[in-house]
Amino acid sequence: HRLAIAAEAGVAGIGLFMGDIDRWASDDELATMLHNHGLLLVDLDLINLAPRDEPTRARSERFVRRAAELGDRFGCRYLQTIAPHAEPGAAGRDETIDALGRVADSVAPYGMEVGLEYTGFTTIRTLTDAVAIVQACGRANVGVCVDVWHHTRASGAVELAPSAPAPLIRCVQLNDGPLVPVDSDYKTDCLRNRLAPGTGEMDV
């Protein structure tokens with residue numbers, strides 16, 4: 001259904017969660033579906049960087065391998081990452097930088113860019129923090145993902161320039177929502193209460 005909706009909207013490509021891809025179809029079946037809808041697979045989601053719990057760690061390692069396979073097969077251009085969830089014992093700055101670098105190195109041979117998203121529920125909450133991590137990582141294929149929701153709610157809607165040099169912006173996720181949270185839990189709110197761009201109160 002997602003492929004059909006994207007094709008009907010007239011876009012050229014689509015981004016998918018790697019877990020969904022594995023549940024939906026084999027790579028050959030996915031290739032057929034993309035061909036039938038006239039779509040490219042351009043973006044891949046999502047690598048959790050340096051997770052502490054074993055299931056998430058194993059999934060992230062598998063997703064990095066899958067990203068390389070999908071990049072090789074479909075020419076995907078972009079891979080999304082997020083920092084560790086903000087919780088006791090979460091990986092620190094150096095470990096996060098190292099994990100980001102290893103992900104970037106794994107997909108670099110396939111021409112893939114890697115974006116680091118900053119959110120209100122991870123250890124990297126602000127644009128400034130994300131830029132600092134990306135610059136410390138030092139990989140040419142790593143940059144920042146700007147999600148309008150998280151940029152507004154967690155980073156205070158600061159001006160992108162000069163905080164983030166233009167070449168560091170790898171992805172922009174356009175969405176909208178109310179300025180005052182509907183749900184007190186940040187993550188639940190961002191998953192349930194987003195709106196189409198221009199229909200909320202954020203300065204899209």
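Residues numbered from 1 in each chain as written. Predicted model: local features only at pLDDT ≥ 70, side-chain atom pairs only at ≥ 80, totals over all residues. Heavy atoms only, no water.

Topic: the sheet that holds strand E2 (residues 40-48)
In a beta sheet, neighbouring strands are held together by backbone hydrogen bonds and run either parallel or antiparallel to one another. Applicable threshold: Pairing between two strands is assigned when DSSP locates at least 2 bridges connecting them. Going along the chain from the N terminus, every DSSP run of H or I of four or more residues is numbered as a helix, and every run of E of two or more is numbered as a strand. Comment: axis = line fitted to C-alpha atoms, over the contacting stretch for helices; angle = value between 0 and 180 degrees taken between N-to-C directions.
Pairing within the open sheet is parallel, and its six strands lie in the order E1-E2-E3-E4-E5-E6. Each end of this open sheet is capped by a strand with a single partner; those strands are strand E1 (13-17) and strand E6 (169-173). When the angles between neighbouring strand axes are averaged without regard to direction, this sheet yields 30°. The sheet contact formed by strand E4 (residues 113-117) and strand E5 (residues 142-147) spans four bridges and is parallel. Looking across to E5, one finds that Gly-115 is bridged to Gly-143.

A few points about helix H4 (residues 54-74)
We count it as follows: By definition here, a helix of n residues has an expected span of 1.5 Å times n minus one. Partly exposed residues are those whose accessible area sits between 20% and 50% of the maximum for their type, while under 20% is buried and over 50% is exposed, using a 1.4 Å probe and protein chains only. Residues count as neighbours in contact if any of their non-hydrogen atoms are within 4.5 Å of one another.
With 21 residues, H4 should cover 30 Å at 1.5 Å per step; its first-to-last C-alpha distance of 29 Å lies within 8% of that length. Within H4, the full set of buried residues consists of Ser-60, Phe-63, Val-64, Arg-66, Ala-67, Ala-68, Leu-70, Gly-71 and Phe-74. Residues of H4 that are buried make contact with E1, helix H2 (18-24), helix H3 (27-37), E2, strand E3 (78-82) and helix H5 (93-107). Positive backbone phi, at 70°, marks Gly-75, one or two positions downstream of H4.

Side note on the packing of aromatic side chains
Basically, it comes down to this: Stacked, tilted and edge-to-face are the three classes assigned to paired rings of Phe, Tyr and Trp, where Trp is represented by its six-membered ring and a pair needs centres within 6.5 Å; plane angles under 30 degrees give stacked, over 60 edge-to-face, the rest tilted. In this analysis the charged atom, NZ for Lys or CZ for Arg, is taken to sit over a ring once it is within 6 Å of the ring centre and within 35 degrees of the ring normal.
Using the criterion set out here, one finds two aromatic pairs in the structure. Residues Phe-17 and Phe-63 carry aromatic rings whose centres are separated by 5.5 Å and whose planes lie at 85° to one another, so their mutual orientation is edge-to-face. On the criterion of sequence distance, the pair formed by Phe-17 in strand E1 and Phe-63 in helix H4 is long-range, its members being 46 residues apart. Residue Phe-63 is classed as buried on the basis of its relative accessible area of 1%. It is Lys-187 that lies over the ring of Phe-121; its NZ or CZ is 5.1 Å from the centre.

Describing the state of the cysteines
Put simply, the rule is: Any cysteine sulfur atom paired with another within 2.5 Å is treated as part of a disulfide.
Within this structure, the stated rule accounts for zero disulfides. Distance from the sulfur of Cys-137, which forms no disulfide, to the nearest cysteine sulfur (Cys-145) is 16 Å. On the accessibility criterion, Cys-137 (6% relative accessible area) is buried. Not engaged in a disulfide, the cysteine Cys-190 finds its nearest cysteine sulfur in Cys-145; these two sulfurs lie 12 Å apart.

Re the layout of surface pockets
Empty pockets left among the atoms are what a rolling probe the size of a water molecule brings to light. Condition: Throughout, the protein atoms alone are placed on a 1 Å grid, and a set of points is a cavity if a 1.4 Å probe fits but cannot get out or a pocket if it is open with protein on both sides within 12 Å along at least five of seven lines; lining residues have an atom within 4 Å of a point. Grid points are joined across faces, edges and corners, and a volume is the space filled by probe spheres set on the points. Gly falls in the polar group here, along with every residue not listed as nonpolar (Ala, Val, Leu, Ile, Met, Phe, Trp, Tyr, Cys, Pro) or charged (Asp, Glu, Lys, Arg).
Here the largest pocket is characterised by a volume of approximately 990 Å³. Gly-15, Asp-45, Asp-147, Gln-173 and Arg-194 are, among the 36 residues lining the largest pocket, the residues nearest its centre. Of all the secondary structure elements, the ones that give two or more residues to the lining of the largest pocket are helix H1 (2-9), E1, E2, E3, E6 and helix H9 (186-192). Examining the composition of the lining of the largest pocket, we find that six residues originate from one element, E2, more than from any other. A per-class count over the lining of the largest pocket returns 17 nonpolar, nine polar and ten charged. As a volume, the second largest pocket reaches approximately 290 Å³. Considering the residues around the second largest pocket, the lining is formed by 14 residues, among which His-151, Ala-157, Val-158, Asp-203 and Val-204 are closest to the centre. For the lining of the second largest pocket, the element with the most residues is helix H7 (residues 148-153), which contributes three residues. Residue classes in the lining of the second largest pocket are distributed as ten nonpolar, two polar and two charged.

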